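Topology and contacts: notes
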Amino acid sequence: MKKIKIFLVDDHTIFRQGIRLLLNLQSDLEVVGEADNGAQAVLMVQQLNPDVVLMDIAMKGMDGLTATKDILAVSPKTKVVLLTQHENKEYILPALKIGAAGYVLKRAAADEVVNAIRATYQGRSFLDPEIADIVVNAYRQGSEDAYESLTEREREILILLAKGHTNNEIAPILNISPKTVDYHRSNLMKKLKLHSKVELTKYALKRGLIQS
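The paragraphs below set out a description of the structure included in this document. From a predicted model like this one, the values you see are computed outputs, not experimental measurements. All residue numbers here refer to positions counted from 1 along the written sequence of the relevant chain. Only residues with pLDDT of at least 70 get local features here, since the model is predicted, and only at 80 or more are side-chain atom pairs given and counted; chain-wide, interface and lining totals rely on the full set of residues. By convention in this description, side-chain values take in all heavy atoms of the structure and omit both hydrogens and water.

Before going further, it helps to spend a moment on the pattern of salt bridges. Any carboxyl oxygen of Asp or Glu within 4 Å of a side-chain nitrogen of Lys or Arg constitutes a salt bridge here. Inspection of every chain in the model, using the stated rule, returns ten salt bridges. Ionic pairing is found between Glu-34 and Arg-16, a salt bridge with its closest N-O pair at 2.8 Å. Taken together, the residues span a long stretch of sequence, with Glu-34 in strand β2 (residues 29-35) and Arg-16 in helix α1 (residues 13-24) at a distance of 18 residues. The buried category is assigned to Arg-16, whose relative accessible area is 9%. Across the salt bridge formed by Lys-191 and Glu-154, the nearest N and O atoms sit 2.9 Å from each other. Residue Lys-191 is found in helix α9 (residues 178-192), and its partner Glu-154 is found in helix α7 (residues 152-162); the two are separated by 37 residues along the sequence. Using a relative accessible area of 3% as the deciding quantity, one classes Glu-154 as buried. Secondary structure follows DSSP: runs of H or I at least 4 residues long count as helices, runs of E at least 2 residues long count as strands, and numbering of each begins at the N terminus. Each residue's exposure class comes from its accessible area (1.4 Å probe, protein chains only) as a fraction of the maximum for that residue type: buried when under 20%, exposed when over 50%, partly exposed otherwise.

With that settled, consider the sheet that holds β2. Paired strands are those between which DSSP finds at least two bridges. Strand order in the open sheet made by the six strands is β2-β1-β3-β4-β5-β6, with parallel pairing throughout. Where the open sheet ends on each side, the last strands, each with one partner, are β2 and β6 (126-127). As paired elements, strand β1 (residues 4-9) and strand β3 (residues 52-55) share four bridges and run parallel to each other. Residue pairing across strands places Leu-8 opposite Leu-54, the latter belonging to β3. The contact criterion used is simple: two residues touch if any of their non-hydrogen atoms lie within 4.5 Å. To get an axis, fit a line to the C-alpha atoms, keeping to the stretch in contact for a helix; angles then go from 0 to 180 degrees between the N-to-C directions. Along the sheet face, α1 touches β1, β2, β3 and β4 (79-84) and points at about 165° away from the line of β2.

With that settled, the discussion passes to the environment of Ile-173. Structurally, Ile-173 is set in helix α8 (residues 167-174). For Ile-173, a relative accessible area of 48% translates into the label partly exposed. Sequence separation between Ile-173 and Ile-157 is 16 residues; the distance between their C-alpha atoms is 10.0 Å. Beyond its immediate stretch of four places on either side in the chain, Ile-173 contacts Leu-160 and His-165.

None of the figures reported here should be taken as evidence of function without further support.
Here you go:
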């Protein structure tokens, strides 16, 4: 029997080890590699050519959404399943838009993860039952909103600003100049129609981008 080759991407070693043990117990599944960040994952996927990638979203450096986009660009036959704790539409809809084949919450039962791998390998999409309603409601209401128009950099800066960082503090974190931070800040506030730091923070809290 040809086994489904799986690649794991998560910045928590213990979590990766647990998933590896779970998947290797299945007679038709085989974990062929793993990475703890998005950039490393993109490079290794090109070398290993797995059938399915299980991808976390929130990681240091390159996040899971960016990594997913890059992986699909260099290995279009590979299926990417997001395995994450994020269950709000600000993550789910962009993930689906860039081509993720599946989206599963980390609190899901073990068999849901296995089912997602098998389904996406066979060319079907797979959504965690707990987020299916979120997706349906978002499309009923119209999935396009101002947040989706933000670039990845603008989203990073939005979150850092909402957490209380200044332009000068954000600059070294993202390895850009304070002037560039200010440029992105101005753009994102125009797109979101926000006029103050207080409004920006309230917006991020409401969206679930930061915790209160």
